[in-house]
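A look at the structure
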Amino acid sequence: MKVEWMKERRLKISTTVGRVKEIGIFIRDSLGFDHISTVSGVDWIAQNQLEVIYFIGSSTPGQEDFIMALSERIPRENPVAPSMVDVWRGVEYPERETHEMFGINFQGHPNQSHLFLPEDWNDLPPLRKDYVSPGR
Amino acid sequence: MTEESEYFPDPDRIMSVSLGPQHPGAAHFRLRLWLDGDYVIRTEPDAGYVHRGEEKMAEYRNYIQNVPHLERPVILDSSNILFPYALGVDELMSNKVPPRGQYLRVIMSEANRIISNMYFISIQGLFLGHTTMITWGMGDRDLWIDFAERVGGARVTFAYIIPGGVRNDIPEFAIDKGLKTCDWFDKRMDEYEKIFFNNPMVHQRSDGVGVLSREDAIAFGATGTVARASGVRVDVRKDEPYSSYEDFEFKTPFLTQGDSWARTYVALLDMREAVKIIRQALKKLPPGPVRLKLGPQPRVPAGEVYSRTEAARGEMSYHIISDGSPRPYRVKIGVPSNKNLRALPHLIKNVHVADIPIIFNSLNFWPVENDR
């Protein structure tokens with residue numbers, strides 16, 4: 001696990017798939033980060049890894065300006081990560097979006113059907129770096 | 001209303017219906033409804049009809065080329081979707097935006113907040129059968145569009161807030177026009193309160209309809225008008241002042257009812273604060289340059305940034321990763337419509353079909369912004 005400051009009041013916790021849920025519950029219950037902002041994914045094609053980042057804000061008075069970034073890296077082949085829906089209910093749609101755009105399988109997610117892409121999308125997940133937009 | 005736990009529908013009675021994507025209210029967006037008579041027992045949103053892959057497009061263009069297309073998802077609120085992008089790129093490049101540029105960013109952002117909220121309230125008037133609100137509202141919204149046109153040179157998509165500052169200085173006559181519009185608008189907002197918000201018909205139709213509790217608003221990650229109507233006091237302008245917001249006196253309005261009426265009324269209260277901010281900013285506009293000279297292809301050092309601002313609908317955030325090349329490695333747009341959509345299946349449940357347009361529109365939802 002690595003903890004670093006992105007800047008003042010922005011803390012990034014990089015952890016592994018096995019511990020991400022445990023840390024999520026800790027920062028929600030003990031540190032008061034209960035207000036999910038967004039979920040981002042990154043394709044690190046050179047390192048052959050995918051990254052999922054949860055950006056979590058807080059509704060606790062005094063730390064509304066604080067954003068916690070909880071990140072995990074998984075291999076590009078067969079990417080599986082635990083779903084955080086039972087930690088923060090609000091991550092359901094963002095995780096669904098990350099699933100369709102990066103092909104990450106969130107285990108325990110209630111519904112991973114396509115949200116933005118057509119139902120019959122039959123190509124690489126579009127935000128992966130090896131997917132090239134038509135005409136490029 | 002029946003609680004979900006004590007409700008056992010007969011499967012033969014359940015009918016599944018699509019609302020949209022051609023429905024005039026829910027444009028570019030479909031709601032799948034499961035009905036028992038005219039009673040909604042389950043809703044599932046179906047987005048994606050206007051998905052344009054803005055995030056992928058951003059990876060093919062350099063930091064300046066990204067400006068005009070990133071504002072397209074939400075043309076009603078086009079300055080506010082560019083604001084966090086500009087802040088993020090400024091942070092990566094360690095740009096110090098001149099004070100006049102910071103003030104002009106605030107002015108344009110607040111003018112856009114009014115333009116967007118006016119549209120929202122007017123359409124809510126339309127859905128409630130209140131013709132006066134839509135005609136008055138759209139008419140007065142045009143005054144702010146006129147003001148924005150005098151500042152930014154275009155009526156809807158200004159591409160005004162750019163990395164390094166703003167695109168051009170404000171002309172002298174636009175300052176007078178802005179102050180006059182502020183005075184006129186203050187009077188009009190009192191009239192909206194009388195004719196629309198305190199109207200018994202509007203109260204009857206929207207009081208207690210689609211109540212979102214404070215706990216649910218936090219758990220779903222709702223933001224902006226939706227969260228503030230439920231008693232969650234979130235406002236990035238106050239929590240984490242950016243671009244000289246600490247110089248202005250304003251409040252964060254919030255209500256506790258959490259119903260459709262409160263979600264609409266909070267938008268009006270937001271506009272009152274926006275007018276206050278614009279007036280202060282126009283009066284004490286500092287002299288000096290409005291932008292830094294960055295060139296057509298600025299060099300952005302490698303790094304990762306998460307920037308956020310308060311847009312008309314709520315917290316707008318960007319996650320930008322630069323690998324040192326002329327183009328961003330990753331741009332993630334966290335849009336408020338997407339954050340508020342999470343509460344929709346929860347709200348449109350155990351309600352009558354006639355309440356759907358009111359609840360749906362009170363979320364201040366913009367399908368194009370949600371899809372990106």
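These numbers were taken from a predicted model, which means no experiment stands behind them.

On to the interface of chain B and chain A, then. Each partner contributes residues to the interface: chain B has 29 residues there, and chain A has 26 residues. Within the residue set of the side of chain B that touches chain A, elements represented by two or more residues are α1 (54–59), α8 (214–220), β6 (303–310), β7 (315–322), β8 (330–334) and α12 (336–341) of chain B. A total of four residues in the side of chain B that touches chain A trace back to one element, the largest contributor, which is β7 of chain B. Looking at the side of chain B that touches chain A residue by residue, the classes come out as eleven nonpolar, eight polar and ten charged.

Let us look at the pairing of strand β5 (residues 67–75) of chain A. Residues and elements named next belong to chain A. Strand direction decides the pairing type here: strand β2 (residues 10–15) and β5, joined by six bridges, are parallel. The partner of T15 across the bridge, within β5, is E72. Strand direction decides the pairing type here: strand β4 (residues 49–57) and β5, joined by eight bridges, are antiparallel. Residue pairing for β5: I53 is matched across the bridge by S71.

Here V67 of chain B is to be found in helix α2 (residues 66–70). Along the backbone, V67 of chain B and A159 of chain B are 92 residues apart, and their C-alpha atoms lie at a distance of 6.4 Å.

Our focus in this paragraph is unusual backbone geometry. All names here are of chain B. Even without glycine at this site, N364 takes up a positive phi of about 55 degrees. By the element assignment, N364 lies in the loop between α14 (356–362) and α15 (367–371). Phi angles above zero are rare outside glycine, and R372 is one such case at about 60 degrees. You can see R372 is positioned in the segment after α15. Classification of R372 as buried rests on a count of 26 C-beta atoms within 10 Å.

Below, the discussion takes up the nonpolar core. Residues and elements named next belong to chain B. Of all hydrophobic cores here, the largest spans 102 residues; its most connected members are M108 and A111. Shared between two domains, this core takes at least three residues from each, and those domains are domain 1 (4–46) and domain 2 (62–371). The contacts of M108, once residues within four sequence positions are left out, are S79, A148, V151, G152, F158, Y160 and I161.

To continue, consider the sheet that holds β8 of chain B. Residues and elements named next belong to chain B. Pairing within the open sheet is antiparallel, and its three strands lie in the order β6-β7-β8. Unpaired on one side and paired on the other, β6 and β8 mark the two borders of the sheet. On average, each strand axis in the sheet is inclined to that of its neighbour by 10 degrees, with strand direction left out of account. Sheet analysis places β6 next to β7, joined by eight bridges and oriented antiparallel. Bridge assignment links E310 to a residue of β7, and that residue is E315. Helix α3 (residues 78–93) rests against β6 and β7 of the sheet, and its axis sits at about 145 degrees to β6.

Another aspect to go through is the packing of helix α4 (residues 99–127) of chain B against helix α11 (residues 260–283) of chain B. All names here are of chain B. Their axes nearest at 9 Å, the elements α4 and α11 cross at an angle of 155 degrees. Classified by the interaxial angle, the pair formed by α4 and α11 is roughly antiparallel. In this structure, the crossing between α4 and α11 has a hand that is left-handed. Contact with α4, carried on its side by Y103, V106, I107, E110, A111, R113, I114, N117, F120, I121 and Q124, involves T264, A267, L268, D270, M271, A274, I277, I278, A281 and L282 of α11 and no other residues of that element. Of the residues belonging to the contact of α4 with α11, the class tally is 15 nonpolar, three polar and three charged.

Here the focus is the confidence of the model for chain B. Across chain B, the average pLDDT comes to 88, with 97% of residues at or above 70. Of the two predicted TM-score estimates for the complex, the pTM is 0.90 and the ipTM is 0.91.

With that settled, consider the domain arrangement of chain B. Residue and element names in this part refer to chain B. By the assigned domains, chain B splits into domain 1 (4–46) and domain 2 (62–371). Each of domain 1 and domain 2 has a C-alpha centre, and these two points are 30 Å apart. Each partner contributes residues to the interface: domain 1 has 16 residues there, and domain 2 has 16 residues. If one sorts the elements of the side of domain 1 that touches domain 2 by residue count, strand β3 (residues 39–46) sits on top with seven residues. Looking at the side of domain 1 that touches domain 2 residue by residue, the class counts come to nine nonpolar, three polar and four charged.

Procedures and definitions
Residues numbered from 1 in each chain as written. Chains lettered and ligands numbered in written order. Predicted model: local features only at pLDDT ≥ 70, side-chain atom pairs only at ≥ 80, totals over all residues. Contact = placed C-beta atoms within 7 Å. Helix = DSSP H or I, 4+ residues; strand = E, 2+ residues; numbered from the N terminus. Nonpolar A, V, L, I, M, F, W, Y, C, P; charged D, E, K, R; others polar. Pairing = 2+ DSSP bridges. Buried ≥ 20, exposed ≤ 12 C-beta atoms within 10 Å, placed from the backbone. Core = buried A, V, L, I, M, F, W, Y, C linked by C-beta atoms within 7 Å. Domains from an automatic or database assignment. Axes fitted to C-alpha atoms, helices over the stretch in contact; angles between N-to-C directions. Parallel < 35°, antiparallel > 145°, perpendicular 65-115°, else oblique. Left-handed = near helix turned anticlockwise from the far one by under 90°. pLDDT = per-residue confidence, 0-100.

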